[in-house]
Amino acid sequence: TLRTLFPYTTLFRSPETGWKRYNPRDTNFKYSLTPSWDGNYAIGDGNSSKSLSVSFNFQGTKLRVLGYNGYDRSSDISCIIDGVEKKFSQVSEVYVANALNYSVEGLVNKQHSVVIKSNVPGTYAGLTLTAIDIDANGELKTYNSNISLDKSLIDLKVGQSDQLKATITPDNATNQDVKIGRAHV
């Protein structure tokens, strides 16, 4: 359900057709520090000298960030997708849950790494996340910013074998699992 409040806030009570919603408590979301929780809203702790960030990967072509907006929220929040940073604000004239904060469509259908972070540590007006929406047939995954292989192509004859080396960055990525499939040509 889409609803517009005042000139700057769009509200999504539920995902639209073609979108799938994820709650901020989903185990695929990795937080930089333990958020305060108000129901299912992840809230940055205003008493911390560090700012709240959330990281995840997703397979798909579109992403929406929904938050709890208000007059005392941050106007300096970043959404970084595959290393490309875009800024958004959670400031509005009234308090609004599930307000559309950031939206992007038309991404290449692949696995993307995402970091959403407040750029203002130690204030109440940090990041407040209420939901993430992605493609209806997309998939939310645990955060790994980059997985690269030492070879892009291996040409093997029957009976031959070779090894691939996977490198995951950052080194402290929480999920170090790599599954490599094979194609028969």
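Given the structure is predicted, the values throughout are model-derived calculations rather than measurements.

Looking at the overall build of the protein chain
No. 1: When helices and strands are counted, the protein chain shows 0 helices and 16 strands.
No. 2: In the protein chain, which comprises 185 residues, the share counted as buried stands at 39%.
No. 3: Of the contacts formed within the protein chain by residues at least 6 apart in sequence, a portion of 69% connects residues at least 24 apart.
No. 4: As displayed, the protein chain offers around 10,600 Å² of accessible surface, 47% of which is attributable to carbon and sulfur atoms.

Description of the pattern of salt bridges
No. 1: This structure, assessed with the given rule, holds 5 salt bridges.
No. 2: Across the salt bridge formed by Arg 21 and Asp 133, the nearest N and O atoms sit 2.7 Å from each other. Placement of the pair is Arg 21 in strand β3 (residues 19-22) and Asp 133 in strand β13 (residues 128-135), with a sequence separation of 112 residues.
No. 3: Look at Arg 21 and you get partly exposed, because its relative accessible area is 22%.
No. 4: A relative accessible area of 0% places Asp 133 in the buried class.
No. 5: Lys 110 is the partner of Asp 82 in a salt bridge, and the nearest nitrogen-oxygen pair spans 4.0 Å. Within this pair, whereas Asp 82 is found in the loop between β9 (77-81) and β10 (84-88), its partner Lys 110 is found in strand β12 (residues 110-118), the two being separated by 28 residues in sequence.
No. 6: Taking the relative accessible area as the measure of exposure, Asp 82 reaches 34% and is therefore partly exposed.

Considering the packing of aromatic side chains
No. 1: Under the criterion given, the structure shown has 4 aromatic pairs.
No. 2: Ring geometry for Phe 88 versus Tyr 102: centroids 6.2 Å apart, planes at 25°, classification stacked. With Phe 88 in strand β10 and Tyr 102 in strand β11 (residues 96-104), this residue pair connects regions lying 14 residues apart in the sequence.
No. 3: The buried category is assigned to Tyr 102, whose relative accessible area is 13%.

Some details on the environment of Thr 61
No. 1: In this fold, Thr 61 is placed in the loop between β7 (53-60) and β8 (63-69).
No. 2: Thr 61 sits in the partly exposed class, given a relative accessible area of 23%.
No. 3: As a C-alpha pair, Thr 61 and His 112 span 51 residues in sequence and 8.9 Å in three-dimensional space.
No. 4: If sequence neighbours within four positions are ignored, Thr 61 has contacts with Val 104, Glu 105, Gly 106, Leu 107, Val 108, Asn 109 and Asp 135.

Quick notes on the confidence of the model for the protein chain
No. 1: Scored by pLDDT, the protein chain comes out at a mean of 80, with 76% of its residues at no less than 70.
No. 2: Looking across the protein chain, the model is least confident in strand β1 (residues 2-5), with a mean pLDDT of 44, and most confident in β3, with 96.
No. 3: Every residue in residues 1-8 scores below 50 in pLDDT, and together they form 20 contacts with partners more than four places removed in sequence or on other chains.

Considerations on the nonpolar core
No. 1: The biggest cluster of nonpolar side chains holds 23 residues, and the ones touching the most others in it are Phe 56, Leu 63, Val 65, Cys 79, Val 114, Ile 116 and Ile 132.
No. 2: When residues of this core are traced back to their parent elements, those giving at least two are β7, β8, β9, β11, β12 and β13.
No. 3: Once you skip the residues sitting within four places of it in the chain, Cys 79 turns out to touch Leu 63, Val 65, Val 84, Glu 85, Lys 86, Phe 88, Tyr 102, Val 114, Val 115 and Ile 116.

Things to note about the pairing of β10
No. 1: Relative to β10, β9 is paired through 5 bridges, and the arrangement is antiparallel. Its bridge partner lying in β10, Ile 81 is registered against Val 84.
No. 2: Counted along the chain from β9 to the antiparallel partner β10, the turn is 2 residues long, and its residue Asp 82 has a positive phi close to 50°.

Thoughts on the side chain of Lys 62
No. 1: Tracing the chain through its elements places Lys 62 in the loop between β7 and β8.
No. 2: One buried charged residue, Lys 62, forms no salt bridge at all, with the nearest opposite charge on Glu 105 at 4.9 Å.
No. 3: Of note is the side chain of Lys 62, whose polar atom sits 3.2 Å from the backbone oxygen of Gly 18.
No. 4: Discounting residues that sit within four places of it in the chain, Lys 62 has contacts with Gly 18, Trp 19, Val 104, Glu 105, Leu 107, Asp 133, Ile 134 and Asp 135.

Rules used in this analysis
- Residues numbered from 1 in each chain as written.
- Predicted model: local features only at pLDDT ≥ 70, side-chain atom pairs only at ≥ 80, totals over all residues.
- Heavy atoms only, no water.
- Helix = DSSP H or I, 4+ residues; strand = E, 2+ residues; numbered from the N terminus.
- Buried < 20%, exposed > 50% of the residue type's maximum accessible area, 1.4 Å probe, protein only.
- Contact = heavy atoms within 4.5 Å.
- Areas by Shrake-Rupley, 256 points an atom, 1.4 Å probe, with all protein chains shown as cover.
- Salt bridge = Lys/Arg side-chain N within 4 Å of Asp/Glu carboxyl O.
- Phe/Tyr/Trp six-rings, centres within 6.5 Å; stacked < 30°, edge-to-face > 60°.
- pLDDT = per-residue confidence, 0-100.
- Core = buried A, V, L, I, M, F, W, Y, C linked by side-chain atoms within 4.5 Å.
- Pairing = 2+ DSSP bridges.
- Lys, Arg positive; Asp, Glu negative; His and termini not counted.
- Polar contact = N/O pair within 3.5 Å; in protein donor to acceptor, adjacent residues only side chain to side chain.

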